[in-house]
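The residues making up each chain are set out below.
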Amino acid sequence: MQALTRLRHRRTLAALGIAAASAVGVSACEPGADGLSSVAVAMTTDQTGTRALERAGVDVQWMSCTSTVGEERGKGTAKSTPSAPDFATVTCEGETKDGKDIRIDGKVTDERDGRCVRGDLTAKVAGRTVFQANVLGNCNAASPTTTSPDRPTVTVTVTTTVTAGPPGK
């Protein structure tokens, strides 16, 4: 009977952990006050950066981007909402098909529905600068949601794996 109670307790804790992870995952997808979202910035930079590198003749094997939304401090500029983030830092790492390191770094000030990012971005392959850009993608393209309402949408899912040992251990 005690073993069954412990198993139920562990299952309850596991369920609470999954619920907490889901809440964190959902809040990570929420845009900042000016619309910047670290998830959207990372995904859009990954996609548009890969396309830009490929147009420049780089054979991209893989690339992964991370982003952090933050505030510009010490600029002395007035904003309507002082706590609203006005940029996101982004770092992408990857590899070419022949094993050279790829890196894209910079600051993004605007992201448009997966179509483009604006800011100050630099891409390097094996330490050599391939491009410096203020815009990646096509910011003038129509929003995917307005051009095709039946178009599939991207859903970010957070998955947490919880392993519970046998009762009593």
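All figures in this text were calculated on a predicted structure; none of them were measured in a lab.

Caption draft 1: Region of the structure containing the pairing of strand 2 (residues 87-96). Summarising the sheet, strand 1 (residues 60-70) and strand 2 pair through ten bridges and their orientation is antiparallel. Bridge assignment links S67 to a residue of strand 2, and that residue is V90. In this sheet, strand 3 (residues 101-112) lies alongside strand 2 in antiparallel orientation, the contact comprising eight bridges. Note on strand 3: the bridge partner recorded for E95 is D101. Taking the residues between adjacent antiparallel strands as the criterion, strand 2 and strand 3 are bridged by four residues, where G99 takes a positive phi near 90 degrees.

Caption draft 2: View of the pairing of strand 4 (residues 116-125). As defined by bridge partners, strand 3 adjoins strand 4 across ten bridges and the pair is classed as antiparallel. Its bridge partner being in strand 4, E111 is matched across the sheet by V117. Bridge count for strand 4 against strand 5 (residues 128-137) is eight bridges, and the pairing is antiparallel. By the bridge assignment for strand 5, A123 is matched with F131. The loop that links strand 4 with its antiparallel partner strand 5 comprises two residues; one of these, A126, has a positive phi angle of about 55 degrees.

Caption draft 3: Expanded view of the packing of aromatic side chains. Counted according to the given criterion, the structure contains zero aromatic pairs. Sitting over the face of the ring of F87, K107 holds its NZ or CZ atom 4.8 Å from the ring centroid.

Caption draft 4: Representation of helix 2 (residues 38-55). Between its first and last C-alpha, helix 2 extends 25 Å over 18 residues, near the 26 Å set by a 1.5 Å rise per residue. Among the residues of helix 2, S38, V41, A42, T44, T45, T48, G49, T50, A52 and L53 are the ones counted as buried.

Caption draft 5: Structural detail: unusual backbone geometry. In this structure, D113 is a non-glycine residue whose phi angle is positive, near 45 degrees. You can see D113 is positioned in the loop between strand 3 and strand 4. A positive phi is found at A126, a non-glycine position, where the angle reads about 55 degrees. Along the polypeptide, A126 turns up in the loop between strand 4 and strand 5. Judged by relative accessible area, A126 falls into the exposed class, the value being 54%.

About the cut-offs
Residues numbered from 1 in each chain as written. Predicted model: local features only at pLDDT ≥ 70, side-chain atom pairs only at ≥ 80, totals over all residues. Heavy atoms only, no water. Pairing = 2+ DSSP bridges. Helix = DSSP H or I, 4+ residues; strand = E, 2+ residues; numbered from the N terminus. Phe/Tyr/Trp six-rings, centres within 6.5 Å; stacked < 30°, edge-to-face > 60°. Lys NZ or Arg CZ within 6 Å of the ring centre and 35° of its normal. Expected span 1.5 Å × (residues − 1). Buried < 20%, exposed > 50% of the residue type's maximum accessible area, 1.4 Å probe, protein only.

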